[in-house]
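Take a look at the letters that make up each chain.
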Amino acid sequence: MPPVELAGFTKADLSELAQELGEPGYRGAQIFGAIQRRRVRSFEEITDLPKEFRARLAERAAIATLKIESQYLSTDGTRRYLMKTHDNRPVETVFIPEEHRDTICFSSQSGCPLQCTFCLTAQLGLLRNLTAGEIVEQIIVALNDAYGEGVKPPRGTNLVGMGAGEPFLNFDELMKAIRIMSDPDGLHIVPNRVTVSTAGIAPRIRELATIPDRPHLAISLSAPDDRLRNELMPINKKWPLEELLDACKAFENSLKPDERFTFEYVMLKDINDSDEQARQLANLLNRHALRAKVNLIPHNPAEPLPYQPSSLARVESFRRILESKGVHAYVRKPRGRDILAACGQLAARSSPAAATV
Ligand code: SAH
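1. Concerning the overall build of the protein chain
Then comes step 1: Helix and strand content of the protein chain: ten helices and 13 strands.
Then comes step 2: Taken over the C-alpha trace, the protein chain has a radius of gyration of 21 Å; the compact-globule value for 357 residues is 21 Å, and the two agree within 12%.
Then comes step 3: Counting only C-alpha atoms, the protein chain reaches 70 × 45 × 40 Å along its principal axes.
Then comes step 4: For the protein chain, the proportion of its 357 residues judged to be buried stands at 56%.
Then comes step 5: Here the contacts in the protein chain between residues at least 6 apart in sequence split such that 66% fall between residues at least 24 apart.
Then comes step 6: Of the roughly 15200 Å² of accessible surface on the protein chain, a fraction of 51% belongs to carbon and sulfur atoms.
Then comes step 7: Considering the protein chain, the positive charge centre built from 46 side chains and the negative charge centre built from 46 side chains are found 3 Å apart.

2. Section: the pattern of salt bridges
Side chains that differ in sign of charge can pair as their charged atoms come close.
Then comes step 1: Summed over all chains, the structure comprises 28 salt bridges.
Then comes step 2: With a shortest N-O distance of 3.1 Å, Glu20 and Arg60 are connected by a salt bridge. One end of the pair, Glu20, is in helix H1 (residues 11-20); the other, Arg60, is in helix H3 (residues 51-60), with 40 residues separating them in the sequence.
Then comes step 3: Residue Arg27 is joined to Glu23 by a salt bridge in which the shortest nitrogen-to-oxygen separation is 3.3 Å.
Then comes step 4: Taking the relative accessible area as the measure of exposure, Arg27 reaches 12% and is therefore buried.
Then comes step 5: Bridged by salt links that share partners, the residues Glu23, Arg27, Glu52 and Arg56 form one connected network.

3. Quick notes on the nonpolar core
Then comes step 1: Counting 98 residues, the largest nonpolar core has Leu6, Phe261 and Phe263 as its most contacted members.
Then comes step 2: A per-element tally of this core places helix H4 (residues 132-147) first, with eight residues.
Then comes step 3: Core analysis: the second largest hydrophobic core is formed by ten residues, Ile96, Cys105, Met162 and Ile339 among them.

4. Digging into the site of the ligand
Then comes step 1: Taken together, the neighbourhood of the ligand is formed by 19 residues, with Phe118, Glu166, Ser197, Ser220 and Asn300 sitting nearest.
Then comes step 2: Contact between the ligand and His299: a nitrogen atom at 3.2 Å from a side-chain N or O atom of the residue.
Then comes step 3: Within the backbone of Cys343, one N or O atom sits 3.4 Å away from a nitrogen atom of the ligand.
Then comes step 4: Summarising the interface, the protein chains cover 95% of the accessible area of the ligand, which totals 540 Å² for the free molecule.

5. Description of helix H8 (residues 241-253)
Then comes step 1: Across its 13 residues, H8 extends 18 Å between first and last C-alpha, which sits within 8% of the 18 Å expected from 1.5 Å per residue.
Then comes step 2: For H8, the set of buried residues is Leu241, Leu244, Leu245, Ala247, Cys248, Phe251 and Glu252. Looking straight down H8, one finds that the buried residues subtend no more than 155° of arc, so they occupy a single side.
Then comes step 3: Those residues of H8 that are buried lie in contact with helix H6 (202-208), strand E9 (216-220), helix H7 (226-232), strand E10 (262-267) and helix H9 (275-287).

6. Let's talk about the environment of Val160
Then comes step 1: Residue position: Val160 is located in strand E7 (residues 156-161).
Then comes step 2: You can call Val160 buried: its relative accessible area is 15%.
Then comes step 3: Considered as a pair, Val160 and Val94 are 66 residues apart in the sequence and their alpha carbons are 9.7 Å apart.
Then comes step 4: Discounting chain neighbours no more than four positions away, the residues touching Val160 are Thr103, Ile104, Cys105, Phe106 and Thr195.

7. Examining the packing of aromatic side chains
Then comes step 1: Here the structure, examined in full by the defined rule, presents five aromatic pairs.
Then comes step 2: Both rings, one in Phe95 and one in Tyr147, keep their centres 6.1 Å apart while their planes meet at 75°; by these two values the pair is edge-to-face. Residue Phe95 is located in strand E3 (residues 90-97), and its partner Tyr147 is located in helix H4; the two are separated by 52 residues in the primary sequence.
Then comes step 3: Take Tyr147: its relative accessible area is 21%, and that puts it in the partly exposed class.
Then comes step 4: Between Phe261 and Phe263, the aromatic rings sit 5.1 Å apart at their centres with planes inclined by 70°, giving edge-to-face as the arrangement.

8. Some remarks on the packing of H1 against helix H2 (residues 26-37)
Then comes step 1: The N-to-C vectors of H1 and H2 enclose an angle of 125°; their axes lie 7 Å apart at closest approach. It follows from the interaxial angle that H1 and H2 lie oblique. Handedness of the H1/H2 crossing: right-handed. Between H1 and H2, the residues in contact are Lys11, Leu14, Ser15 and Ala18 and Arg27, Gly28, Ala29, Ile31 and Phe32, respectively.
Then comes step 2: Looking at the contact of H1 with H2 residue by residue, the class counts come to five nonpolar, two polar and two charged.

Calculation criteria
- Residues numbered from 1 in each chain as written.
- Predicted model: local features only at pLDDT ≥ 70, side-chain atom pairs only at ≥ 80, totals over all residues.
- Heavy atoms only, no water.
- Helix = DSSP H or I, 4+ residues; strand = E, 2+ residues; numbered from the N terminus.
- Rg over C-alpha atoms; globule rule 2.2 N^0.38 Å.
- Buried < 20%, exposed > 50% of the residue type's maximum accessible area, 1.4 Å probe, protein only.
- Contact = heavy atoms within 4.5 Å.
- Areas by Shrake-Rupley, 256 points an atom, 1.4 Å probe, with all protein chains shown as cover.
- Lys, Arg positive; Asp, Glu negative; His and termini not counted.
- Charge placed at Lys NZ, Arg CZ, Asp CG, Glu CD.
- Salt bridge = Lys/Arg side-chain N within 4 Å of Asp/Glu carboxyl O.
- Core = buried A, V, L, I, M, F, W, Y, C linked by side-chain atoms within 4.5 Å.
- Near = heavy atom within 4 Å.
- Polar contact = N/O pair within 3.5 Å; in protein donor to acceptor, adjacent residues only side chain to side chain.
- Expected span 1.5 Å × (residues − 1).
- Arc of directions from axis to C-beta.
- Phe/Tyr/Trp six-rings, centres within 6.5 Å; stacked < 30°, edge-to-face > 60°.
- Axes fitted to C-alpha atoms, helices over the stretch in contact; angles between N-to-C directions.
- Parallel < 35°, antiparallel > 145°, perpendicular 65-115°, else oblique.
- Left-handed = near helix turned anticlockwise from the far one by under 90°.
- Nonpolar A, V, L, I, M, F, W, Y, C, P; charged D, E, K, R; others polar.

As structure tokens, then:
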């Protein structure tokens, strides 16, 4: 039986659980505060609960189900955590310090069912969906390691659902985790601080458009036409570009005038990075009247992926063409490449070359 994971419980869920166990409902809020605000990792630490109740809780449920197996520290300060679930599935989380804020990149699945040819995670296949509790726990583990258990993060925390897995194939647990993390009595990371990236599950993009308290959206595009996208991202055969961009338009229509969503475009040398392809991409987005911006991500190479990153000059030329056609484009700086923590490098590997902490 999988453990009952309290990190995946809302305050209301916990209050119900307390009452089921014959305790007053306010105990639920106490447990919630301990797990989500004080970020404790064991029942013994919740000393404001009666000892006997803690023992009964521990029989029924667990607070910490993820175990850190190894962690790696990049020369640029990025940290990668390789964890295991209770049933021994790998989960990876990346902590990226930036000048004014921190970003935590979490995984939504163990492995991934999509077969993007430029991404190492694809090689694991789908092991399983992560639960809401396992998603929330990743953030708790990373914050505790970076600042100490229960220490209030000194800077703002942004979350990106850009780790292993396809978040929109685990939509309900993802949205539940985002709801739990937004609670002001807990982690208090509001949806406006969260960006979720999808390879293009069109129906879920439309669904997200109807949800009032929702995270920001990023869509991995990486090709300007169906022929190439079918090859690089086979999910495109199910939801081809026209269908995907129609869903994107529906999403854009639900945004406020000053809000934008993002396209991600992995720059693969000699594959999708020509000037002609930049023009095609700009025309495609303009034809759908999308005002989204494009993040260009230089490919992070990893054995045995058959690609090389585009040169900086190539990326810059591509960016300039997009801009000249009215498409806002930015180049994303790779982080944590040396410890296999960068986009597309998460495959539960150890990275012996880098410092293991
Ligand atoms: N499945 C989701 C979430 C993963 S996000 C998605 O596809 O959006 C990971 C991001 O990293 C995606 O934008 C993906 O296109 C990008 N990526 C994958 N492999 C990469 C690689 N080797 N180098 C650079 N970016 C990569």
